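Coordinate inspection notes
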Amino acid sequence: MSTSGDFDCIVIGAGVQGSFTAYQLAKKNKKTLLLEQFVLPHSRGSSHGQTRIIRKAYEQNFYTHMMEECYELWAQLEREAGVKLYRQTGLLVMGPEKSENYQNIKDTLQRNKVPMVVLTHDSFSQHIPNVNLAKGDGALVDTTAGVLFADRTLKTVQGQFQKLGGVIRDNEKVTDIKPGPVVRVSTSVGVYHTKSLVITAGPWANKLLANTGLQLPLEVVKINVCYWKEKVPGSYSMKQRFPCFVQTECLESKVDIYGLPSNEYPGLMKVCYHMGSKTDPDQRDLQKDRSDIEILQHYIARCFPGLIPEPAIVESCLYTLTPDHHFVLDYHPAYSNIVIGAGFSGHGFKFGPIIGKLLCELSLGEVPSYDLSPFHIRRFQSKTNSAL
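The sections below set out a description of the structure shown in this document. These numbers come from a predicted model, not from an experiment.

Counting across every chain of the model gives 10 salt bridges. Notably, a salt bridge pairs Lys-28 with Glu-366, separated by 3.2 Å at the nearest N-O pair. Taken together, the positions of Lys-28 in the loop between helix 1 (16-27) and strand 2 (32-35) and Glu-366 in the loop between helix 8 (352-363) and strand 22 (385-386) put the pair 338 residues apart, joining distant regions of the chain. In this structure, Lys-254 and Glu-249 form a salt bridge, with 3.9 Å as the shortest nitrogen-oxygen distance. You can call Lys-254 exposed: its relative accessible area is 69%. For Glu-249, a relative accessible area of 16% corresponds to the buried category.

The following block contains the structure:
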């Protein structure tokens with residue numbers, strides 16, 4: 001079987017960012033093709049699983065600012081599709097009170113007038129049962145935060161894209177990209193031509209960009225997604241309005257630890273270490289490092305006494321990291337009709353609707369809605385290996 005066709009826009013990669021980009025392009029009446037190398041839905045990349053955290057609690061003002069509109073776009077998609085994608089639970093942020101990370105988050109929330117509650121050590125346990133706040137730690141709650149239903153989101157946005165006339169071709173791996181005024185995209189099934197190409201290929205971004213003479217400083221790591229059993233079922237449940245949480249630094253780790261209330265697996269709470277070990281995305285399951293799980297076991301035994309400190313389930317997810325952990329949202333340095341969305345560094349899912357809007361704007365040559373200088377490729381200039 002072979003196929004071919006001409007499209008106004010082609011998006012490579014049907015994770016959350018590519019799916020929202022394709023959806024935005026279809027809303028602009030662009031004939032759009034969304035290509036995915038695996039059969040949908042799949043769990044090989046970064047967008048699968050049932051839940052993600054949505055929050056405005058960030059150290060950087062530009063992320064909090066972008067999230068203002070992003071919440072509106074999430075709500076708009078819910079209304080359009082008649083599907084619930086977000087559940088407000090609040091986000092508990094804990095960290096050494098005098099640390100830069102914790103203070104930056106607190107300052108950003110205050111500066112942007114985000115509704116929040118600051119908890120004292122005395123009031124902490126009555127508001128947040130079954131959690132031990134470490135001595136010297138501050139605690140606050142971003143009350144607007146909550147849980148996104150990830151798998152449901154992908155199914156919904158892809159469905160909306162198709163209703164708008166968009167074409168999805170899954171199980172179709174891109175084998176070559178020939179840049180030019182019209183970009184030629186070859187796949188395992190056929191050849192397509194487009195005036196505008198968007199690459200949102202997650203861990204496979206550099207493998208595709210190699211066809212265009214560009215390599216970005218991206219590192220792919222495998223995350224162990226751990227679920228921990230409640231000693232008393234429901235103690236940390238979403239139904240009991242237990243919040244999501246982020247621990248910015250702690251005795252066990254300088255790396256963030258984050259968690260979501262028990263919901264997707266009844267009686268199990270998701271608590272993860274926000275980093276992993278380097279891996280090849282095509283050989284993900286060969287990466288067996290569990291040093292992060294040891295850190296989590298110590299942390300949970302100390303701070304979450306209502307959980308059994310041994311993971312009941314361990315799943316996998318891939319992060320594609322940039323050196324500064326900020327995204328790449330930019331034109332290809334040599335080809336203005338190739339747009340790149342990459343390096344979402346394990347915190348990009350919640351931004352899906354706004355990233356889709358921004359990549360759509362770049363693809364159509366429009367002025368982007370936000371200042372994208374934090375996300376430009378040129379910030380890596382000295383490190384970016386380009387054969388152009």
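Structure shown, so let's carry the discussion forward.
Moving on to the packing of aromatic side chains. Counting across every chain of the model gives 22 aromatic pairs. With centroids separated by 5.6 Å and ring planes inclined at 40°, the aromatic side chains of Tyr-236 and Phe-304 adopt a geometry described as tilted. Here Tyr-236, found in the loop between strand 14 (219-230) and strand 15 (244-247), pairs with Phe-304, found in the loop between helix 7 (291-303) and strand 19 (307-321); they are 68 residues apart in sequence, far enough to count as distant. Both residues of the pair, Tyr-236 and Phe-304, belong to the buried class. Among the aromatic residues, ring-to-ring pairing joins Tyr-58, Phe-62, Tyr-63, Phe-327, Phe-344, Phe-351 and Phe-375 into one connected group. Lying across the ring of Phe-7, Lys-31 places its NZ or CZ 5.0 Å from the centre. For the cation-ring pair, Lys-56 lies above Tyr-71, with the distance from its terminal atom to the ring centre recorded as 4.8 Å.

Burial along strand 3 (residues 51-54) is two-sided: the residues Thr-51 and Ile-53 and Arg-52 and Ile-54 are all buried. Of the pairings in the sheet, the one linking strand 3 to strand 8 (residues 146-149) comprises 4 bridges and is antiparallel in character. By the bridge assignment, Arg-52 is partnered in strand 8 with Leu-148.

Attention shifts here to unusual backbone geometry. Located in the positive-phi region is Asn-29, a residue other than glycine, with phi close to 65°. With respect to the secondary-structure elements, Asn-29 resides in the loop between helix 1 and strand 2.

Moving on: the nonpolar core. By size, the foremost hydrophobic cluster in this structure holds 70 residues, and its most contacted members are Trp-74, Leu-91, Phe-327, Leu-329, Phe-351, Ile-354 and Ile-355. Element by element, the count of residues in this core is highest for helix 2 (residues 61-81), at 8 residues.

One open sheet holds the 3 strands; their spatial order is 3-8-4, and the pairing between them is antiparallel. The open sheet has two edge strands with one neighbour each: strand 3 and strand 4 (86-88). Going across the sheet, the axis of each strand differs from the next one's by a mean of 30°, ignoring polarity. In this sheet, strand 8 lies alongside strand 4 in antiparallel orientation, the contact comprising 3 bridges. Each residue of the ladder has a partner; that of Arg-87, found in strand 8, is Val-147. Helix 2 contacts strand 3, strand 4 and strand 8 of the sheet and is inclined by roughly 135° relative to strand 3. Its contacts with the sheet put helix 5 (residues 150-163) on strand 3 and strand 8, and the angle it makes with strand 8 is roughly 50°.

A rise of 1.5 Å per residue sets the reference length of helix 7, with its 13 residues, at 18 Å; its end C-alpha atoms lie 19 Å apart and thus fit the reference within 8%. Where helix 7 is concerned, the buried positions are Asp-292, Ile-293, Leu-296, Tyr-299, Ile-300 and Cys-303. Down the axis of helix 7, the smallest arc covering the buried residues is 120°, so these residues share one side. Across helix 7 from its buried face, at more than 90 degrees, point the exposed residues Glu-294 and Ala-301. Looking at the buried residues of helix 7, the elements they touch are strand 5 (91-96), strand 14, strand 15, strand 16 (257-260), strand 17 (268-273) and strand 19.

Before going further, it helps to spend a moment on the packing of helix 1 against helix 2. For any two helices packed against each other, the geometry is given by the interaxial angle and the distance between the axes. At a minimum axis distance of 14 Å, the contact between helix 1 and helix 2 shows a crossing angle of 70°. With respect to helix 2, the axis of helix 1 lies roughly perpendicular. Judged by the sense of rotation from one axis to the other, the crossing of helix 1 with helix 2 is left-handed. On the side of helix 1, the interface is formed by Phe-20, Tyr-23 and Lys-27, while helix 2 contributes Trp-74, Gln-76, Leu-77 and Glu-80. Among the residues making up the contact of helix 1 with helix 2, the classes are represented as 4 nonpolar, 1 polar and 2 charged.

Moving on, we get to the environment of His-65. Secondary-structure assignment places His-65 in helix 2. Judged by relative accessible area, His-65 falls into the partly exposed class, the value being 45%.

By secondary structure assignment, the location of Thr-320 is in strand 19. Ignoring any residue separated from it by four or fewer positions in sequence, one finds Thr-320 in contact with Gly-202, Pro-203, Leu-218, Glu-219, Val-220, Gly-343, Phe-344 and Ser-345.

How each quantity is defined
- Residues numbered from 1 in each chain as written.
- Predicted model: local features only at pLDDT ≥ 70, side-chain atom pairs only at ≥ 80, totals over all residues.
- Heavy atoms only, no water.
- Salt bridge = Lys/Arg side-chain N within 4 Å of Asp/Glu carboxyl O.
- Helix = DSSP H or I, 4+ residues; strand = E, 2+ residues; numbered from the N terminus.
- Buried < 20%, exposed > 50% of the residue type's maximum accessible area, 1.4 Å probe, protein only.
- Phe/Tyr/Trp six-rings, centres within 6.5 Å; stacked < 30°, edge-to-face > 60°.
- Lys NZ or Arg CZ within 6 Å of the ring centre and 35° of its normal.
- Pairing = 2+ DSSP bridges.
- Core = buried A, V, L, I, M, F, W, Y, C linked by side-chain atoms within 4.5 Å.
- Axes fitted to C-alpha atoms, helices over the stretch in contact; angles between N-to-C directions.
- Contact = heavy atoms within 4.5 Å.
- Expected span 1.5 Å × (residues − 1).
- Arc of directions from axis to C-beta.
- Parallel < 35°, antiparallel > 145°, perpendicular 65-115°, else oblique.
- Left-handed = near helix turned anticlockwise from the far one by under 90°.
- Nonpolar A, V, L, I, M, F, W, Y, C, P; charged D, E, K, R; others polar.

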